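Analysis of the macromolecular model
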Amino acid sequence: MGRAGRSSARSRVAWRYRARYRLPKRGTLFQIRFRISRRKCEMKPEATASETLPLIGPDILQPDGLARFRRSGELPVKVLQFGEGNFLRGFADWMLETCNRKQLFNGAVAVTQPRPSGKTKLDQLKAQNGIYTLLVRGLREGQRLEEKETVTVLSRMIDPYGEWESFLELAEGPELEFVISNTTEAGIAYRHSEWNPREPVSSFPGKLTAFLYRRFERFSGDPGKGLIHLPCELIEQNGDRLLETVLRHADDWRLPDAFKSWVRESNRFLNTLVDRIVTGFPAEEAEGLFSEWGYADPLLVTSEPYYLWAIQAGRELEERLPLETAGLNVRWVDDLTPFRMRKVRILNGTHTLMATIGLMNGLREVREALEHPAWGPKFIQGLFDEILPGIPLDRGELLAYANETLERFRNPYIRHRLADIAMNGIAKWKVRLLPSVKAYIGATGKTPPILAESLASMIRLCLPEPHSESDDNQSQKGTPLQTRDDPLLLDLIRKTWQSPTTGDGDGAKDSARRILALTELWGEDLTELPGLADKVSGHFAKWEKSSR
Ligand SMILES: NC(=O)c1ccc[n+]([C@@H]2O[C@H](COP(=O)([O-])OP(=O)(O)OC[C@H]3O[C@@H](n4cnc5c(N)ncnc54)[C@H](O)[C@@H]3O)[C@@H](O)[C@H]2O)c1
Ligand SMILES: O=P(O)(O)OC[C@@H](O)[C@@H](O)[C@H](O)[C@H](O)CO
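A few points on the structure. (Residues numbered from 1 in each chain as written. Chains lettered and ligands numbered in written order. Predicted model: local features only at pLDDT ≥ 70, side-chain atom pairs only at ≥ 80, totals over all residues. Heavy atoms only, no water.)

**Comments concerning the overall build of the chain**
Across its full length, the chain carries 25 helices and 13 strands. Counting all 548 residues of the chain, 51% fall into the buried class. By sequence separation, contacts in the chain at least 24 residues apart represent 74% of the contacts at least 6 residues apart. Here the chain has roughly 26100 Å² of accessible surface; of this, 49% comes from carbon and sulfur atoms. (Helix = DSSP H or I, 4+ residues; strand = E, 2+ residues; numbered from the N terminus. Buried < 20%, exposed > 50% of the residue type's maximum accessible area, 1.4 Å probe, protein only. Contact = heavy atoms within 4.5 Å. Areas by Shrake-Rupley, 256 points an atom, 1.4 Å probe, with all protein chains shown as cover.)

Structure below.
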């Protein structure tokens with residue numbers, strides 16, 4: 001220790017001694033107290049488990065995990081994955097790992113991030129040699145279930161922005177067979193971009209087009225070298241949309257007709273529907289879990305036990321992708337429509353119902369909303385009386401799925417924020433609840449009261465500084481709720497709200513009616529649905545009265 005170090009150590013001891021015995025030598029007791037509290041603030045907090053424990057990697061794996069990791073490194077890359085996010089790690093990668101455990105698939109995954117901001121997670125994956133933990137927790141038939149798995153199937157991590165040539169070289173792999181993606185609802189979208197073979201393309205479909213073109217050239221258009229595309233994005237006919245977007249880029253870039261034919265005829269772009277609640281990194285519990293396990297894993301992902309992957313394709317694909325053979329809940333189907341309708345209207349519809357009414361009333365999370373003594377029964381009534389009857393599918397199956405969905409929402413491990421579900425709520429409401437409103441009106445001639453309250457709540461959440469109505473949730477009361485939605489749509493709602501009344505109605509009631517009439521918002525004039533505008537504007541009149 002140098003001199004300066006020794007003297008500062010001595011003065012620290014003296015300072016502590018003086019402080020302990022409250023001997024004010026060079027100042028008052030007050031000053032000492034002040035120094036102590038300042039010192040406390042300056043003290044480095046104790047190191048956390050994440051800082052002291054080893055990072056997950058080959059060194060900490062159990063023998064079976066290590067054997068799987070080593071094997072993955074030797075297996076051919078059969079899958080290119082666009083998306084480093086939570087969902088794919090808790091869903092498709094886990095499924096491929098399951099197949100590999102049973103020696104059924106025998107392939108590894110190369111993962112790439114679809115947009116530049118994904119680099120942080122990709123770098124973290126590199127630091128962990130692609131290894132991460134999946135914690136599946138929840139209720140199965142009322143019993144608590146907890147399974148921890150180490151996933152080792154990601155053998156290559158490639159940053160397409162920094163390693164564009166390595167990314168394209170992957171296309172030359174003769175054993176590559178599949179492309180899996182999850183880039184959110186925003187990812188499969190056409191964005192014009194110039195074509196320079198040496199420069200990375202920014203959008204996901206653009207990168208995929210460049211990748212396929214390299215493969216087409218490398219194998220001289222061999223029909224046997226086409227790929228099977230399995231998009232997981234939650235948009236209708238995701239496979240068809242992806243194919244359209246790739247072909248649009250090919251047109252833009254004036255790529256040869258032979259390439260476009262190869263894309264259409266030798267590749268398969270399958271429509272798929274995914275269903276699993278993947279809640280990502282459990283920030284509040286992570287330190288405790290890491291201490292218990294003896295290692296840290298910043299890419300730990302948590303999910304519920306339930307999952308379903310419905311893929312519109314013949315079962316013959318099992319030979320190449322033996323998901324069902326591995327015992328996984330995967331359905332090869334002729335028509336995805338009933339699966340999508342059932343899931344979107346029941347699960348996503350009830351989520352949106354709870355998020356809209358719940359946020360207006362001071363609720364924060366899905367489970368809390370469902371178990372709330374006053375609101376819970378209302379949400380359940382909305383599901384069984386107003387959503388379910390309008391779905392033209394087998395009643396028994398719908399009831400089973402609805403009950404199973406409620407059990408999933410009651411999962412004590414899932415902390416699913418209503419505010420996250422409410423994000424981009426206008427688009428979600430149109431797809432997830434409007435069809436149920438129409439079916440209810442069509443069948444009964446009446447307006448579904450709970451769904452109408454959800455619509456009124458959603459509109460109110462889009463207005464500047466809506467406030468929670470709850471009296472029993474102090475932290476929410478009076479706090480402006482942040483609505484995250486398309487700024488253009490929010491602007492339209494707010495301007496319409498503020499524009500002068502037309503005369504026949506008054507105040508909030510009239511403004512609500514004008515918002516329902518905006519076809520650019522809903523795709524149609526909602527005031528034409530009998531009774532809906534009266535019910536919705538009735539809520540606004542009630543809120544206005546109670547705010548006076
Ligand atoms: N988490 C779930 O429970 C769940 C279940 C089913 C479906 N999904 C779908 O997954 C999406 C969210 O994924 P997550 O939960 O893995 O979240 P995440 O934030 O962990 O991952 C999002 C992924 O999408 C990419 N991405 C985001 N915006 C993009 C854009 N504009 N263009 C291209 N790529 C983009 C990110 O780079 C990342 O790879 C949602 O849109 C949802 O529809 C999620
Ligand atoms: O992911 P979003 O934002 O499109 O919707 C929120 C939830 O409804 C959704 O994530 C479900 O949990 C999921 O669709 C279950 O499979």
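Once you've had a look at it, read on.
**Overview of the environment of Pro-256**
With respect to the element layout, Pro-256 can be found in the loop between α11 (238-252) and α12 (257-266). For the pair Pro-256 and Tyr-213, spaced 43 residues apart in the sequence, the C-alpha separation amounts to 9.6 Å.

**What about the side chain of Ser-181?**
Mapping Ser-181 onto the fold places it in strand β6 (residues 178-181). Owing to a relative accessible area of 1%, Ser-181 belongs among the buried residues under this scheme. Among all residues touching Ser-181, those that are not within four sequence positions of it are Phe-82, Leu-88, Phe-204, Leu-230, Pro-231, Cys-232 and Glu-233.

**Section: the site of ligand 1**
Residues in contact with ligand 1 amount to 19 residues; listed here are only the nearest, Asn-86, Phe-87, Glu-185, Arg-276 and Val-278. Separating an oxygen atom of ligand 1 from a backbone N or O atom of Gly-85 is a distance of 3.5 Å. For ligand 1, whose free accessible area comes to 830 Å², the fraction covered by protein is 78%. Those elements giving two or more residues to the shell around ligand 1 turn out to be α5 (86-90) and α9 (184-187). Ranked by residue count, the leading element in the shell around ligand 1 is α9, at four residues. For the shell around ligand 1, the class distribution of residues is seven nonpolar, seven polar and five charged. (Near = heavy atom within 4 Å. Polar contact = N/O pair within 3.5 Å; in protein donor to acceptor, adjacent residues only side chain to side chain. Nonpolar A, V, L, I, M, F, W, Y, C, P; charged D, E, K, R; others polar.)

**Re the nonpolar core**
Counting 69 residues, the largest nonpolar core has Leu-455, Trp-522, Val-536 and Phe-540 as its most contacted members. A domain-level breakdown of this core finds at least three residues from each of domain 2 (58-333) and domain 3 (337-547). Apart from the residues lying within four places of it in its own chain, the contact partners of Val-536 are Ala-452, Leu-455, Ala-456, Ile-459 and Leu-516. Core analysis: the second largest hydrophobic core is formed by 43 residues, Leu-88, Leu-96, Val-111 and Leu-122 among them. (Core = buried A, V, L, I, M, F, W, Y, C linked by side-chain atoms within 4.5 Å. Domains from an automatic or database assignment.)

**Let's talk about the site of ligand 2**
Every residue lining ligand 2 is accounted for by Glu-185, Leu-234, Asp-275, Arg-276, Ile-277, Lys-343, Leu-347, Asn-348, His-351, His-416, Lys-428 and Arg-432. Contact between ligand 2 and His-351: an oxygen atom at 2.7 Å from a side-chain N or O atom of the residue. For ligand 2, whose accessible area on its own is 400 Å², the fraction buried by protein is 82%. Taken together, the elements giving at least two residues each to the shell around ligand 2 come down to α14 (337-360) and α19 (425-432). With four residues, α14 is the single largest residue contributor to the shell around ligand 2. Along the lines of polarity and charge, the residues of the shell around ligand 2 split into three nonpolar, three polar and six charged. No fewer than three residues from each of domain 2 (58-333) and domain 3 (337-547) sit in the shell around ligand 2.

**Structural notes on the sheet that holds strand β1 (residues 77-82)**
Consider a sheet: its strands pair through backbone hydrogen bonds, and that pairing is either parallel or antiparallel. Across the sheet, which stays open at both edges, the six strands sit in the order β5-β2-β1-β6-β7-β8 with parallel pairing between neighbours. Two strands bound the open sheet, and with one partner strand each, they are β5 (154-158) and β8 (268-269). Of the pairings in the sheet, the one linking β6 to strand β7 (residues 228-231) comprises four bridges and is parallel in character. Bridge pairing links Ile-180 to Leu-230 in β7. The sheet strands contacting helix α10 (residues 204-218) are β1, β6, β7 and β8, and the helix crosses β1 at an angle near 150°. (Pairing = 2+ DSSP bridges. Axes fitted to C-alpha atoms, helices over the stretch in contact; angles between N-to-C directions.)

**Regarding the pairing of strand β3 (residues 132-140)**
For β3, a buried count of seven out of nine residues is recorded, marking the element as mostly surrounded by other parts of the structure. Hairpin geometry of β3 and strand β4 (residues 143-151) is characterised by an intervening segment of two residues between the two adjacent antiparallel strands and by a positive phi of about 45° at Glu-141. With three bridges joining them, β3 and strand β11 (residues 301-303) adopt parallel strand pairing. Residue pairing across strands places Val-136 opposite Ser-303, the latter belonging to β11.

**A look at the sheet that holds strand β10 (residues 278-280)**
Ordered by their spatial adjacency, four strands build an open sheet running β4-β3-β11-β10, and the pairing between neighbours is mixed. Each end of this open sheet is capped by a strand with a single partner; those strands are β4 and β10. Adjacent strand axes in the sheet meet at a mean angle of 20°, parallel and antiparallel pairs treated alike.

**Digging into helix α23 (residues 507-516)**
In terms of burial, α23 is a largely internal element, seven of the ten residues being buried. For α23, the complete set of buried residues consists of Ala-508, Asp-510, Ser-511, Ala-512, Arg-514, Ile-515 and Leu-516. On its buried face, α23 is in contact with α21 (449-462), α22 (487-498), α24 (519-522) and α25 (532-547).

**Quick notes on the side chain of Lys-343**
Within the secondary structure, Lys-343 sits in helix α14. Despite its burial, Lys-343 pairs with no opposite charge, the nearest such side chain being Asp-275 at 4.4 Å. (Lys, Arg positive; Asp, Glu negative; His and termini not counted. Salt bridge = Lys/Arg side-chain N within 4 Å of Asp/Glu carboxyl O.)

**With respect to the environment of Asn-411**
With respect to the helices and strands, the residue Asn-411 is situated in the loop between α17 (395-409) and α18 (418-422). As a C-alpha pair, Asn-411 and Gly-138 span 273 residues in sequence and 5.2 Å in three-dimensional space. Among all residues touching Asn-411, those that are not within four sequence positions of it are Arg-137, Gly-138, Leu-139, Glu-304, Pro-305 and Arg-367.

**Regarding the packing of aromatic side chains**
In this description, an aromatic ring pair is defined by two values, namely the gap between the centres and the angle between the planes. According to the stated counting rule, one finds 22 aromatic pairs in the structure shown. Taken together, a centroid distance of 5.4 Å and an interplanar angle of 70° make the contact between Phe-216 and Phe-259 edge-to-face. Here the residue Phe-216 occupies a position in helix α10, and Phe-259 occupies one in helix α12, the gap between them amounting to 43 residues. Accessibility expressed as a relative area gives 12% for Phe-216, which makes it buried. Residue Phe-259 is classed as buried on the basis of its relative accessible area of 0%. Seen from their ring centres, Phe-290 and Trp-293 are 6.2 Å apart, and the 55° between their planes marks the pair as tilted. Taken together, the residues span about one helical turn, with Phe-290 and Trp-293 both in helix α13 (residues 286-293) at a distance of three residues. By relative accessible area, Phe-290 is classed as buried at 2%. Overall, the relative accessible area of 17% leaves Trp-293 in the buried class. Here the basic side chain of Lys-225 rests over the ring of Phe-219, its NZ or CZ set 5.3 Å away from the ring centre. Above the face of the Trp-94 ring, Arg-276 is positioned so that its terminal group lies 4.5 Å from the ring centre. (Phe/Tyr/Trp six-rings, centres within 6.5 Å; stacked < 30°, edge-to-face > 60°. Lys NZ or Arg CZ within 6 Å of the ring centre and 35° of its normal.)

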